[in-house]
There are 2 protein chains.
Amino acid sequence: MNLIDRFQIPVLEQIALRNPQATSLGKRLIENSIILFDELGFEQFTFKKLAQAAATTEASVYRYFSSKQKLLLYLVNWYWGRLECRLLLEAQAGDPKERLETALAIIINPNSADLSTANERRLQRIVIHEAPKVLLTKAVDNDHQTGYHQTYADVVNFLAKLILAYQPNCNFTQMLVTTILEGSLQQRFFAQHLPEVTNCSEQEDAVYVFYKQLLFKYLHHE
Amino acid sequence: MNLIDRFQIPVLEQIALRNPQATSLGKRLIENSIILFDELGFEQFTFKKLAQAAATTEASVYRYFSSKQKLLLYLVNWYWGRLECRLLLEAQAGDPKERLETALAIIINPNSADLSTANERRLQRIVIHEAPKVLLTKAVDNDHQTGYHQTYADVVNFLAKLILAYQPNCNFTQMLVTTILEGSLQQRFFAQHLPEVTNCSEQEDAVYVFYKQLLFKYLHHE
DNA sequence: TAATCAATGATAGTTTTGCTATTATTTTTG
DNA sequence: CAAAAATAATAGCAAAACTATCATTGATTA
């Protein structure tokens, strides 16, 4: 068991109606929703199918999550929460440059060892394919006010601080961070589905090489 | 009337069941769908509401577009098609550096004069807020094979060629282009809805300044 | 041990959406 | 003008997204 696995990743309570990590049914729902969102995609995913997969009823699913949007939000939050934990644990040692390099490696996952379990790989695919659908919504302002996107903002600002520690003159830290964070996820989508708009093959991890170049070339010029 | 407006932007025929630009009803549908997608968002948008807004019936809408996904795809394609036309018209003069700078200005729209009409501003907002929803789909591979995303790929490759003309040693041209293209759209979303993860205010157009820096710093280091 | 209470199961029902079908009417075109 | 195409009007269906009710079970506690 990894060090990271010993920590309870905190996910904002309000997202779920009750804490799914606390009960056996709740865990079954999370487990199966990860599989189903990955296999069916957000549009084809329904609570009915989830209930069937988790051997329960639709009504019971609604007792944990008020909608499939909220359930997806819960999973996405879990992803960013876990990433934040890893950053806090692993990117605190060394000089600013080392810390920044470590952090970059964590968020871009160059070595697949970071995604050790099948569910972790599924979860990353879900973030890549589905996360925008709970962000790009008319409800985003409300959601953000409620704190539903705070974990993501925290990750961004953690990385922004690392950048400032390395290069205090950097003007556009947040833009730089989100460009890399979102870009690296998007490249993995393109690699699989629109290969002609990327130069990345999963093997040699061009994604990591490119964004590392991009980051440090930008910062060295400041 | 602008030069650009004299051209018929070609949108792949197969996306629509019949060409909406060719009839009065079709034009009304496009016009109103732009307004409604912008105001309601993809999720709340329905053909029933569109029919009502365009003073027609649901069944008639279905004779033009087989689903609201296809209609959105049509609008998004129109956006990229128009951008491609502008690039071909305006970014062909001068030395490689000038051409690249012009192209960057076109895709990032630093001066709002480029978005002269209300509908153009609406269309860009639609691309920012809704476009990912027709890309991040289980149907993406089929769609791409049918050519539904070809215009986007063409824009990317046009820009990639400009970069190679300026800096032949650049290894990751496509990744660089999509990072800037998608990033710049995303920053505008963040600016409005998650301001703490960006450094951009709509006024001074930090988006343009930042991505120009990012691009040329990256290329000068090659 | 009995009473209680929270969680779950079982079932049914409502509304909306997404889509199809049919027929009538209008408009276009040869 | 006649034929064909486009549109309107209307109805209807299946599935999805919930909501509601009541019975059951299993754990807690008096």
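Residues numbered from 1 in each chain as written. Chains lettered and ligands numbered in written order. Predicted model: local features only at pLDDT ≥ 70, side-chain atom pairs only at ≥ 80, totals over all residues.

### Let's talk about the overall build of chain A
Counting its regular elements, chain A contains eleven helices and zero strands. Listing every helix and strand of chain A by position from the N terminus yields α-α-α-α-α-α-α-α-α-α-α. Relative to the globule expectation of 17 Å for 222 residues, the C-alpha radius of gyration of chain A, 18 Å, shows essentially globular dimensions. A principal-axis box enclosing the C-alpha atoms of chain A has dimensions of 60 × 40 × 35 Å. A burial count over chain A gives 38% of its 222 residues as buried. Across chain A, contacts joining residues at least 24 apart in sequence account for 62% of those joining residues at least 6 apart. (Helix = DSSP H or I, 4+ residues; strand = E, 2+ residues; numbered from the N terminus. Rg over C-alpha atoms; globule rule 2.2 N^0.38 Å. Buried ≥ 20, exposed ≤ 12 C-beta atoms within 10 Å, placed from the backbone. Contact = placed C-beta atoms within 7 Å.)

### What to know about the interface of chain B and chain A
Often the size quoted for an interface is simply the accessible area lost on bringing the parts together. Taken together, the contacts link 40 residues of chain B with 40 residues of chain A. Looking at the side of chain B that touches chain A, the elements that each hand over two or more residues are α1 (24–44), α6 (118–130), α7 (132–135), α8 (140–146), α9 (150–166), α10 (173–193) and α11 (206–220) of chain B. Looking at the side of chain B that touches chain A element by element, the count peaks at eleven residues for α10 of chain B. The class makeup of the residues in the side of chain B that touches chain A is 15 nonpolar, 17 polar and eight charged. (Nonpolar A, V, L, I, M, F, W, Y, C, P; charged D, E, K, R; others polar.)

### Let's talk about the packing of α6 of chain B against α10 of chain B
All names here are of chain B. Relative orientation of the contacting elements α6 and α10 amounts to 90°, with a least axis distance of 9 Å. The angle between α6 and α10 falls in the class roughly perpendicular. Mapping the contact onto sequence places Val127, Ile128 and His129 in α6 and Leu185, Arg188 and Phe189 in α10. (Axes fitted to C-alpha atoms, helices over the stretch in contact; angles between N-to-C directions. Parallel < 35°, antiparallel > 145°, perpendicular 65-115°, else oblique.)

### Quick word on the nonpolar core
Considering soluble globular proteins, one finds that nonpolar side chains tend to be buried as a cluster. Core analysis: the biggest nonpolar cluster contains 121 residues, and Tyr74 and Leu75 of chain A together with Tyr74 and Leu75 of chain B have the highest contact counts within it. Setting aside residues up to four positions removed in sequence, tyrosine 74 of chain A forms contacts with Val11, Ile15, Ala16 and Phe65 of chain A. (Core = buried A, V, L, I, M, F, W, Y, C linked by C-beta atoms within 7 Å.)

### Description of the environment of glutamate 43 of chain B
Its place among the elements puts glutamate 43 of chain B in helix α1. With 61 residues separating them along the chain, glutamate 43 of chain B and leucine 104 of chain B place their C-alpha atoms 32 Å apart.

### Observations concerning the protein's contact with DNA strand C
By nearness alone, 15 residues border DNA strand C, and Leu25 and Thr56 of chain A together with Thr46, Ala59 and Ser67 of chain B come closest of all. For the surface near DNA strand C, the secondary structure elements donating two or more residues are α3 (58–62) of chain A together with α3 (58–62) of chain B. Ranked by residues supplied to the surface near DNA strand C, first place goes to α3 of chain B with three residues. (Near = placed C-beta within 6 Å.)

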